[in-house]
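Spelled out, the chains give:
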Amino acid sequence: MEPHGVSKISISAQSGSNISAPVLLNSTVTGNINISNNFFPGEPYPKMKNTSSLIAEYKKSLLSEYAYITEYTSRAGEQVLLNDRYVDPLIVQKHREKNERENEMCSRGQRFFNTRESNQRNQNISLDKLFGPENGSKKVTPRAVILQGDSGSGKSITAQKIVLDWASEELYARLFDVVFHLRCKELSGLSGEMSLVDLLDCSLTPNEIDQILKDTSQRILFIIDGFDELMLSESKESLPQKPAIKSHPLAIVCSLLKGRMMRESFLLVTTRSSAVDKLEIILKKPQCFMEIMGFSEKGVSEYFQRFFEDEEFSSQVYEQVKVHEMLYTACFIPVICWIICTIFKRKGKDGVVTSELTTTTSIFVDFVFTLLKHHSSLSQQEELDLLKNLGQLAESGMPKRQVLFPRNDLPKAISDLPNIPFLCTFRQQERTYLKEMFGFMHLSFQEFFTALFYMLTDEADAKIKIKELLESASHGRRNEYLFPVIRFLFGLSNKKVGCLILGENPRSTSSFIRKELEKWISKVIQKDTVYVNDFIFQCLYELHDKNILKNAMKFWERLGINIRWSLKGIDCQVVMYCLQYSSRIIRMEVKCTAKDLKMLHPALCRCTTLWLDFDSISDTDVNLLTSALGRKKNVDYLNMEDGSLSDESVQKILKTLSGQTSVGNIRLVLRSVSEANIDLTMNFLVKEMMDRSFSVCIANQAETIHKGLCSEFTMASRNNSVWFTVGHSEGHQGEISEKHGLCSYQGFTKISFALCPFSAVPMTEFLKASHNLRCFSELKSIEFGVNVDALLSFLNCVPGLTELDICAEFLTDIWTSRILCYLQVNPKISHIKFHVSNLMISDDERVCSTFSVSRKPFRPYKMHESEEKNPSLTLAMDRWGHDIAYGSSGEPGYSHVLDKPVLVKLMLSFPPFKGSSVSWEVLFKRLYQLILLTEQCPELDEHTDSLLLFLHSVPGLKEVKVWLNNLIESWAAGLFTLFLSCSSLLHLQLNTSMSLVNDVESLGVMREDREDGEGGVRLSVGCNHVNYLDDCDDFDPFKPPEHKVVPCITITVTDDSENANADWRRFFQAYNQLKDLTEW
């Protein structure tokens, strides 16, 4: 007997067996046996916890362990809550095609995010759907999910977020009983043999982990993070199949991946794209592929909000980064977002306005070395060699605009690497195989590495390449794609940035490049090419060299600085950094926000000519604006998209404008346009600014547009005329809208008239009438008709009325006829524009989609000499839009030309006469009867004759143009007879196409003046060789006619009643018969 009265026992068993014995003391155990419990006699047997309690304890430990993250720059004890940083990434379940990748890689800024989100529309996979059956092949729930992503795309933090949310019971509560997290980077550093239980080192004991694995084997999720960092061997040794069996850590992970161990468990494996093929081969099935693509545009904005506790600070930083197109694009990479936010946070809130902005190049350098430090184990020299090789690849693709490379194009030094940093990999489907392709994360990184290659290459090679680059970029817009590379070269030539790469011992190459860039930018400034202004500023800012900047500004000043830029494309900080050393600026054209006004103020004050376009201006900005405008400047343009100015602020701005040398177009947005502020504006302009040209518009704030007297009111003075314009916008132009449960039509959208000379007019009456003409609820509205008459009565009483411009969305034939009659009897109105988008004849029917009347002053060679003293009115009605409005698919569709309505468009020209009277309603009704008739309709001839009879009654009719869908004999004969019987007609034209080209069948008639006084009429049918006076026509009377339509017949007849009464239909019948014979 041994101590405690227990005999010595020998136990032998096969590997992997379980042995139960009352005591194992001073005993010999052979075989691969795991002793899970060993108790001595007399000791109480411990009470085992149930699995649910163990999992609850495990979750509790995870909540504290996974709640925090350690950032790259964190010092001891500095941690950040994961939920304060985490933003859902963009995850898609698809292999992106080559063209998709190229489009994304080559787009920038807003277009980049729009391209990505349109490509992946409605396919963003949320974390709770990673294991959904709809995400697996053939609707089967996947046992393994591959989550691929490039370096810095957020794979690891997403894995940590999944564990934390599971422990918080916010994710996968019904799907998985337990989640274990294995980090491959840590596993690669382990040596010796251990079991899966040992690898799952956590707050639980090995026995408790073993219990959980046994009890929940079918509801376990293993997250294997960073598969690409595993150095898996090609060994064919057997893999352990039980969690308790000891083996090499990599063999255990491989067994999990292949499903040899824990076969019924689930796997989520994160990896870079370069290792996907290897993973796919060994990973158990069914499996599903996902790609984590970093942040969406919404994700970028949310990350900035989460990073900064101060909402205003967050917004300032985000907006400032957003105008940097290249930097904003790179923000889809979470690490870039972190770098930017970290830099701004260190600078503090005041730094956004007062401190120098970190350059784009320096942020790219920070990103590169952050990834190298934390995701590779290369020496400093190996890192420089890697960067040079990547640069060589990047540079090789720039001349060809190539962004994707086959493996054969890769320099051997990086082709042999198991994981290639900064390159993403994908398989392109060819005819019968998959082709491995590589590309940088975005074109911006290819451009950066190209510039870096020039800095790292030998001086002799660099001299050749840099001179070629700068010479090519000097050729203008066609080589504009090289600008980003040059911009990065300027940034890498910054001494502080250069030290980050090369240390304290810069190469001679960088000194040479710096000198070449300085000479080149002086040449570019000397060319004074406006479109490169933004680019010059960005280059000088990236270089951040005070002496070079001063020299550039002095050189620019001697030439006269003429600046044009949009702050949506360049940051205000960049511009102001460059302009701080300029004392005189000739012209600035700026599109920016009101927030930028404070920073721009010093430059605006030094400028001679201003062109300013603001997003919005409020009362708080007015003092700063008027101070910047100063006095005796040329304010060519001042506009705001939106705003909320008070009447007092408007008066303050107008007073400042009155002290300027010249004033162009001004548009100020008020809280509400009223009769009072219109009077104030008019009175000020009449009193202070009538001795100069100007255009001042006061507009209603968008949110309160329905409350104002009108959308906008404009008073302008130019060419000795004074213009008054009222505009109405109800926000539903071109539509019939529902307001307060009633059908509402938008009426007049613009009423504008000019006086010469200026005289006082009763504006109250005009404003009241125009306000009442904004909309109407019934086409037979008596009230609206009264207001139309009130408007015409007002115009009739305006002295010196010379120009009139009226636009309406919907008008009836009756109201349109009244306005047309007014225009016809007022020959003193020299300029006329009257446009109706929808000319209605009943509640649901349009006469035509567009109706217009115009009149222009006499133009030699463009008008007949008879119009010199009284130019004609031109009336045009187009039914093409009518077809679209009533078509089934947005475009009219007809199976055959004979099924098309005959009449497409009608134009008439006639001079205005006092006392002339035409019932235009008759014309509209006859047109309405014609618009739906096809060539096969028996009543077509009757309605055609009715229309031609009306045209004959128009006094002084000078020109008729008709567009038909086919050359119809009855129309051709009727129009020619009209011409012969109407002595005032000078030109008639019938076209069978809306095209401007001449190779369409047409008919042209014109009256000839002969020296003997015997006038004749020339008719051309086939090709239109009598299409004189058309702006779009290139007819040359001295050039032999080119017959593009066969047959082409031209005849001249005498202008007498006998010919007018002839049966011309027989002539056109014969023409059609001849045409049939000549057609192939």
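The shown structure was predicted, so the numbers you read here are calculated from the model rather than taken from an experiment.

Rules behind the numbers
Residues numbered from 1 in each chain as written. Predicted model: local features only at pLDDT ≥ 70, side-chain atom pairs only at ≥ 80, totals over all residues. Heavy atoms only, no water. Buried < 20%, exposed > 50% of the residue type's maximum accessible area, 1.4 Å probe, protein only. Helix = DSSP H or I, 4+ residues; strand = E, 2+ residues; numbered from the N terminus. Right-handed = clockwise from strand over helix to strand, strands pointing away. Phe/Tyr/Trp six-rings, centres within 6.5 Å; stacked < 30°, edge-to-face > 60°. Lys NZ or Arg CZ within 6 Å of the ring centre and 35° of its normal. Patch = residues over 30% accessible without salt bridge, like charges linked within 9 Å, V, L, I, M, F, W, Y side chains within 5 Å. Areas by Shrake-Rupley, 256 points an atom, 1.4 Å probe, with all protein chains shown as cover. Salt bridge = Lys/Arg side-chain N within 4 Å of Asp/Glu carboxyl O. Lys, Arg positive; Asp, Glu negative; His and termini not counted. Charge placed at Lys NZ, Arg CZ, Asp CG, Glu CD. 1 Å grid on protein atoms, 1.4 Å probe; cavity = no way out; pocket = protein on both sides within 12 Å on 5 of 7 lines; lining within 4 Å. Points joined across faces, edges and corners; volume = space filled by probe spheres on them. Nonpolar A, V, L, I, M, F, W, Y, C, P; charged D, E, K, R; others polar. Pairing = 2+ DSSP bridges. Core = buried A, V, L, I, M, F, W, Y, C linked by side-chain atoms within 4.5 Å. Contact = heavy atoms within 4.5 Å. pLDDT = per-residue confidence, 0-100. Axes fitted to C-alpha atoms, helices over the stretch in contact; angles between N-to-C directions. Parallel < 35°, antiparallel > 145°, perpendicular 65-115°, else oblique.

(A) Examining the pairing of strand β15 (residues 585-592) more closely. Along β15, six of the eight residues are buried, which leaves the element largely enclosed by surrounding structure. Handedness of the crossover joining β15 and strand β16 (residues 607-617) through helix α27 (residues 597-605): right-handed.

(B) Local environment of the packing of aromatic side chains. Evaluation of the coordinates by the stated rule reveals 49 aromatic pairs. Relative to Phe-810, the ring of Tyr-745 lies with its centre 5.4 Å away and its plane at 70°, an arrangement referred to as edge-to-face. Placement of Tyr-745 in strand β23 (residues 742-746) and of Phe-810 in strand β26 (residues 801-812) is noted, with a sequence separation of 65 residues between them. Residue classification places Tyr-745 among the buried residues on the basis of a relative accessible area of 5%. Overall, Phe-810 belongs to the buried group, its relative accessible area being 0%. Here Phe-753 and Phe-794 contribute two aromatic rings whose centre-to-centre distance is 5.7 Å and whose plane-to-plane angle is 70°, an arrangement assigned as edge-to-face. One end of the pair, Phe-753, is in strand β24 (residues 748-755); the other, Phe-794, is in helix α32 (residues 782-797), and 41 residues separate them in sequence. Given a relative accessible area of 0%, Phe-753 falls into the buried group. A network of ring pairs unites the aromatic residues Phe-364, Phe-367, Phe-422, Phe-440, Phe-445, Phe-448, Phe-449 and Phe-488 as a single cluster. The residue whose ring lies beneath Arg-401 is Tyr-481, and the NZ or CZ to ring-centre distance is 3.8 Å.

(C) Summary view of a positive patch on the surface. Together, Lys-546, Lys-550, Lys-554 and Arg-558 line one region of the surface with positive charge. With respect to the helices and strands, Arg-558 occurs in helix α25 (residues 546-559).

(D) A look at empty space enclosed by the protein. With the rule as written, the count across this model stands at six cavities of 30 Å³ or more. Its boundaries defined by the atoms lining it, the largest cavity holds a volume of some 180 Å³. Looking at the largest cavity, it is lined by 19 residues, and the ones nearest its centre are Arg-96, Arg-116, Asp-150, Phe-332 and Met-441. Put simply, the parts of the chain that give the lining of the largest cavity at least two residues each are α3 (98-106), α4 (109-119) and β10 (287-292). With three residues, the top contributor of residues to the lining of the largest cavity is α3. Here the residues of the lining of the largest cavity are counted per class, giving nine nonpolar, four polar and six charged.

(E) Region of the structure containing the sheet that holds β10. A sheet is described by the order of its strands in space; here six strands give the open sequence β5-β10-β6-β9-β8-β7, paired in mixed fashion. Because the sheet does not close on itself, it has two edges, and the strands there are β5 (91-92) and β7 (178-183). As paired elements, β7 and strand β8 (residues 220-225) share six bridges and run parallel to each other. Bridging across to β8, Val-178 finds its partner in Ile-220.

(F) Molecular detail of the nonpolar core. Judged by nonpolar contacts, the single largest core of 243 residues is most densely connected at Phe-304, Phe-367, Phe-713, Phe-748, Phe-753, Phe-851 and Trp-971. Not counting residues up to four positions away in its chain, the partners in contact with Phe-367 are Ser-151, Ile-333, Val-335, Ile-336, Ile-339, Phe-422, Met-441 and Phe-445. Counting residues in hydrophobic clusters, the runner-up holds 70 residues, among them Phe-131, Met-194, Ile-220 and Leu-267.

(G) Broad picture of the side chain of Asn-389. Mapping Asn-389 onto the fold places it in helix α17 (residues 380-397). According to the relative accessible area criterion, Asn-389 is buried, its value standing at 16%. Those residues in contact with Asn-389 that sit more than four places away from it in its chain are Pro-411, Ala-413 and Ile-414.

(H) Structural detail: the confidence of the model for the protein chain. With 85% of its residues at a pLDDT of at least 70, the protein chain reaches an overall mean of 84. Across residues 352-357, where pLDDT falls below 50, the model places 24 contacts with residues more than four positions away in sequence or in other chains. Overall, residues 731-736 carries pLDDT values under 50, and its contacts beyond four positions in sequence, including any with other chains, amount to 14 contacts.

(I) Representation of the packing of α3 against α4 within the structure. Taken N-terminus to C-terminus, the directions of α3 and α4 make an angle of 155°; their axes are 8 Å apart at the nearest point. Looking at the two axes, α3 sits roughly antiparallel to α4. Taken together, the residues of α4 that come into contact with α3 (itself represented by Glu-100, Asn-103, Glu-104 and Cys-106) are Arg-111, Phe-112, Thr-115, Arg-116 and Asn-119. Tallied by class, the residues present in the contact of α3 with α4 amount to two nonpolar, three polar and four charged.

(J) Summary view of the pattern of salt bridges. Counted by the stated rule, this structure contains 35 salt bridges. Notably, a salt bridge pairs Glu-436 with Arg-427, separated by 3.5 Å at the nearest N-O pair. Here Arg-427 falls in the partly exposed class, since its relative accessible area comes to 27%. Note that Asp-1055 and Arg-1007 form a salt bridge whose closest N and O atoms lie 2.3 Å from each other. Of this pair, Asp-1055 sits in the loop between β36 (1049-1054) and α38 (1057-1060) while Arg-1007 sits in strand β34 (residues 1002-1008), and the two are 48 residues apart along the sequence.

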